[in-house]
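Examining the three-dimensional arrangement
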Amino acid sequence: QVQLVESGGGLVQAGGSLRLSCAASGRTFSSYAMGWFRQAPGKEREFVATISRSGGSIYYADSVKGRFIISRDNAKNTVYLQMNSLKPEDTAVYCCAAGRSVPYSSNKDYYDYWGQGTQITVSS
């Protein structure tokens, strides 16, 4: 069992930056691929970024590529999402997720554990 807790959300103006953190419980964090997903009101949950167990493989959604950076610190059981050049369309609840069945994935179905999410609001 893995518990995930996100932090770092808030309100920011367009063009600003935020850094999200996702802290995981347990001693097997390094055996999980990690992902960030987001869900805006009235929309389906969508993939944002994923990182492999060692951090050696990373993949981004086209909508955030070049603006967001995912990273992880296995010694701290934490995954991060640095969000730069934020846009109003980035407004959503952001959730981190952990999965063991694949090295990394943009498919939410491969993730076993989910955090509660943190709200990001970008004002224009």
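Notes on the structure follow. A quick note: this is a predicted structure, and the numbers were derived from the prediction, not measured.

Conventions used here
- Residues numbered from 1 in each chain as written.
- Predicted model: local features only at pLDDT ≥ 70, side-chain atom pairs only at ≥ 80, totals over all residues.
- Heavy atoms only, no water.
- Pairing = 2+ DSSP bridges.
- Helix = DSSP H or I, 4+ residues; strand = E, 2+ residues; numbered from the N terminus.
- Axes fitted to C-alpha atoms, helices over the stretch in contact; angles between N-to-C directions.
- Buried < 20%, exposed > 50% of the residue type's maximum accessible area, 1.4 Å probe, protein only.
- Contact = heavy atoms within 4.5 Å.
- Disulfide = S-S within 2.5 Å.

1. Points about the sheet that holds strand E8 (residues 78–83)
Taken in spatial order, the 4 strands line up as E1-E3-E8-E7 in an open sheet, and their pairing is antiparallel. Two strands in the sheet have a free side with no partner beyond their single neighbour: strand E1 (4–7) and strand E7 (68–73). Between one strand axis and the next, the sheet turns by 15° as a mean value, whatever way the strands run. Sheet topology note: the strand E3 (residues 18–24)/E8 ladder contains 6 bridges and is antiparallel. Considered in E8, the bridge of Arg-19 is made with Gln-82.

2. Digging into the environment of Tyr-80
Of note, Tyr-80 is situated in strand E8. You can call Tyr-80 buried: its relative accessible area is 12%. Residues in contact with Tyr-80, not counting those within four places in the same chain, are Arg-19, Leu-20, Ser-21, Trp-36, Ile-69, Ile-70, Ser-71, Arg-72 and Asp-73.

3. Section: the state of the cysteines
As enumerated under the stated definition, the model contains 1 disulfide in all. Paired through a disulfide, Cys-22 and Cys-96 show a sulfur-sulfur distance of 1.9 Å. Given an S-S torsion of about 55°, the disulfide between Cys-22 and Cys-96 has right-handed geometry. One end of the pair, Cys-22, is in strand E3; the other, Cys-96, is in strand E9 (residues 92–99), with 74 residues separating them in the sequence. A single burial state applies to Cys-22 and to Cys-96, both of which are buried.

As far as function goes, none of this settles anything; it's purely spatial.
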